[in-house]
Amino acid sequence: MIKKENFYTSVIRAALWGQKLPETTVREADWERYIPLWAAQGVGPLVFPMLFAHNEIAEAFTPALRMQMKMICAQTIQQHTRLHYTLEQAWQALTKASIRPVLIKGAGLAALYPDSTYRAWGDIDLFVGKDQYHPACAVMRDTFPTALKFDEELDHYKHYNLIADGISIEVHRVSVALSHPRDERRYQAMEKAGMSQCKRLDLKGLEVNVPEPTFNALFVFLHSWEHVLSAGANIRQLCDLALLLHHYNGQIDRTRLAKDLRALRLLEPWRIYMYLLVHELGLPESEAPLYTPMVAKQAELLLTDMLEGHLIAPKSQTPAPHNRFARKLHTMRERMANARRIGAYSPAYARHMRASIIHSGLKRLFAKDRHWE
């Protein structure tokens, strides 16, 4: 098991806030073990420059380890240059066509780090909304005529995806897709307000729109929580949220945030994240809305499973039946098993998941529209 408090997160915390490493951390370090773990959690570019600047630590690296770390940092810097160039092309093409994009996730969050190159990002995510969705997709195809196209431009998809010169561009009609129609309706109202009251952000001379801070905090958290529910979240996502809350401290409407979290049944998961941001990543408690120490055990379990790669939705070892009704039942059982897994972290959200699974399962079972298949 990873000794979180004594080692792993103390290094990330020091890099995140520009603090000195505890001497005990330096003496106890097992660099051969932890360098790959930081890389796997997406925080290698954040942590490695700080370690190289520490002479006692740098001298302890083997040539192979030093080369691995330098390659990760160099690749991140090179990727930033390519991504920024493609982002500039896409942004200018959309705005020229009178489309108002909003930059979400990667680049906008990287700008909050001590150095933007400390945060790796691989995709360009542009929210345009439902009304501008089809025109925006057409603009992207015209702007990048040789790009590879992977997603169909369908109204029930979250986004349209193309790859231009190796860079993935996702044109979002919605920022998050929720399974329960009530959650979907409520979130869409939050999204509409948050995306219409944007903040301006300068990215190396390119002026972009990013979501309004209160909604952005909700969205960044919810995007990470979606990963907990499916394919696994990582420490970098926690760092993103910590820096966002720190940067926009005083601009977060805590009353509205609490209301929105309750409406989406996300108050308990949010508090688990706040506990981790305060105790593991060093965010001041005063900057962590709705913080409570009452979720300590759940938060520590979530972090342990996150670091050890256990946040994976369970899959049945039995192949799905061919019969339509049997197949739907098979899928429902898988999803119920996932709800039980989530119950170890957030019993409240697991109950909400079970209700959503039953509602969605019945809807798909009797739906005439076959894209539910």
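Notes on the structure follow.

By secondary structure assignment, the location of leucine 65 is in helix H6 (residues 63–96). Residue class for leucine 65 comes out buried when judged on its relative accessible area of 5%. A sequence separation of 29 residues divides leucine 65 from proline 36, and the C-alpha atoms of the two residues are 9.2 Å apart. Beyond its immediate sequence surroundings of up to four residues, leucine 65 is in contact with Trp31, Glu32 and Ile35.

Another point: the pairing of strand S7 (residues 206–210). Counting buried residues along S7, four of its five residues qualify, which places the element largely inside the surrounding structure. When strand S6 (residues 199–203) meets S7, the two strands line up antiparallel, connected through five bridges. When the bridges of S7 are listed, leucine 201 appears paired with valine 208. Between S6 and S7, which pair antiparallel in sequence order, lie two residues; one of them, lysine 204, sits at a positive phi of approximately 50 degrees.

Here we take up empty space enclosed by the protein. Throughout the structure, instances matching the rule amount to one cavity of 30 Å³ or more. Along its surface, the largest cavity is lined by 13 residues, and Gly108, Leu109, Val210, Asn216 and Leu244 are the ones closest to its centre. Looking at the lining of the largest cavity, the elements with two or more residues in it are strand S1 (102–104), helix H7 (106–110) and helix H10 (213–229). In terms of residue class, the lining of the largest cavity is built from ten nonpolar, two polar and one charged.

Reading the values: rules and limits
- Residues numbered from 1 in each chain as written.
- Predicted model: local features only at pLDDT ≥ 70, side-chain atom pairs only at ≥ 80, totals over all residues.
- Heavy atoms only, no water.
- Helix = DSSP H or I, 4+ residues; strand = E, 2+ residues; numbered from the N terminus.
- Buried < 20%, exposed > 50% of the residue type's maximum accessible area, 1.4 Å probe, protein only.
- Contact = heavy atoms within 4.5 Å.
- Pairing = 2+ DSSP bridges.
- 1 Å grid on protein atoms, 1.4 Å probe; cavity = no way out; pocket = protein on both sides within 12 Å on 5 of 7 lines; lining within 4 Å.
- Points joined across faces, edges and corners; volume = space filled by probe spheres on them.
- Nonpolar A, V, L, I, M, F, W, Y, C, P; charged D, E, K, R; others polar.

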